[in-house]
Amino acid sequence: MITNKTYTVTTADFSNTGEMLEQVRDFPKSREGLNDAYKFAKPCDDWAIWCGDELVGDSSSPVLSVVFP
């Protein structure tokens, strides 16, 4: 059995010229790693956080205030 030990964040933003800027970044699978993943994703227009093939959160879902006190 393969276990996933990271949260993967994908983000998409648009520059002033209309160019789409995509980023992918991994964070350790821990409470701190998940908080860091949300902090990285929050300023972006479109984002998703994955753990393996499970969607943890995305830009259309509410972000808990616990993550951002």
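Above this note sits the structure.
All of these numbers come straight from a predicted model, not from anything done at the bench.

As summarised here, the arrangement of the 4 strands in space is β2-β1-β3-β4, forming an open sheet in which the pairing is antiparallel. Whereas interior strands pair on both sides, the edge strands pair on one side only; in this sheet they are β2 (20-28) and β4 (54-58). Looking at each pair of strands side by side, their axes are set apart by 20° on average, direction ignored. Two strands pair when backbone bridges link them, and strand β1 (residues 6-14) and strand β3 (residues 46-51) are joined in this way by 5 bridges, in the antiparallel orientation. From the neighbouring strand, Val 9 faces β3, where its bridge partner is Ile 49. Packing of helix α1 (residues 31-41) onto the sheet brings it into contact with β1, β2, β3 and β4, and relative to β2 it is tilted by some 170°.

Turning our attention to the environment of Ala 12. Summarising the element assignment, Ala 12 is placed in strand β1. Relative accessible area serves as the criterion here: at 11%, Ala 12 is assigned to the buried category. Spatially, the C-alpha atoms of Ala 12 and Ala 41 are 9.4 Å apart, while their sequence positions differ by 29 residues. In this structure Ala 12 touches Met 20, Leu 21, Glu 22, Cys 44, Asp 45 and Asp 46, once residues within four positions along its chain are discounted.

Below, the discussion takes up the pairing of β4. Two faces make up the sheet, and in a regular strand the side chains alternate between them. Summarising the sheet, β3 and β4 pair through 4 bridges and their orientation is antiparallel. Counted as the bridge partner of Ile 49 is Gly 57 from β4.

Here we come to the side chain of Thr 11. Residue placement: Thr 11 occurs in strand β1. Since its relative accessible area comes to 5%, Thr 11 is described here as buried. Setting aside its immediate chain neighbours within four residues, Thr 11 contacts Leu 21, Glu 22, Gln 23, Phe 40, Ala 41, Cys 44, Asp 46 and Trp 47.

Moving on: the packing of aromatic side chains. The geometry of an aromatic ring pair comes down to the distance between the two centres and the angle between the two planes. What the rule picks out here adds up to 2 aromatic pairs. The interplanar angle of 55° and the centroid separation of 5.8 Å between the aromatic rings of Phe 27 and Phe 40 together place this pair among those described as tilted. On the criterion of sequence distance, the pair formed by Phe 27 in strand β2 and Phe 40 in helix α1 is long-range, its members being 13 residues apart. Between Tyr 38 and Trp 47, the ring centres sit 5.7 Å apart and the planes meet at 85°, which makes this aromatic pair edge-to-face. On the basis of relative accessible area, Tyr 38 is assigned to the buried category, the value being 10%. The side chain of Arg 25 reaches across the aromatic face of Phe 40, ending 5.1 Å from its centre.

Thresholds applied
- Residues numbered from 1 in each chain as written.
- Predicted model: local features only at pLDDT ≥ 70, side-chain atom pairs only at ≥ 80, totals over all residues.
- Heavy atoms only, no water.
- Pairing = 2+ DSSP bridges.
- Helix = DSSP H or I, 4+ residues; strand = E, 2+ residues; numbered from the N terminus.
- Axes fitted to C-alpha atoms, helices over the stretch in contact; angles between N-to-C directions.
- Contact = heavy atoms within 4.5 Å.
- Buried < 20%, exposed > 50% of the residue type's maximum accessible area, 1.4 Å probe, protein only.
- Phe/Tyr/Trp six-rings, centres within 6.5 Å; stacked < 30°, edge-to-face > 60°.
- Lys NZ or Arg CZ within 6 Å of the ring centre and 35° of its normal.

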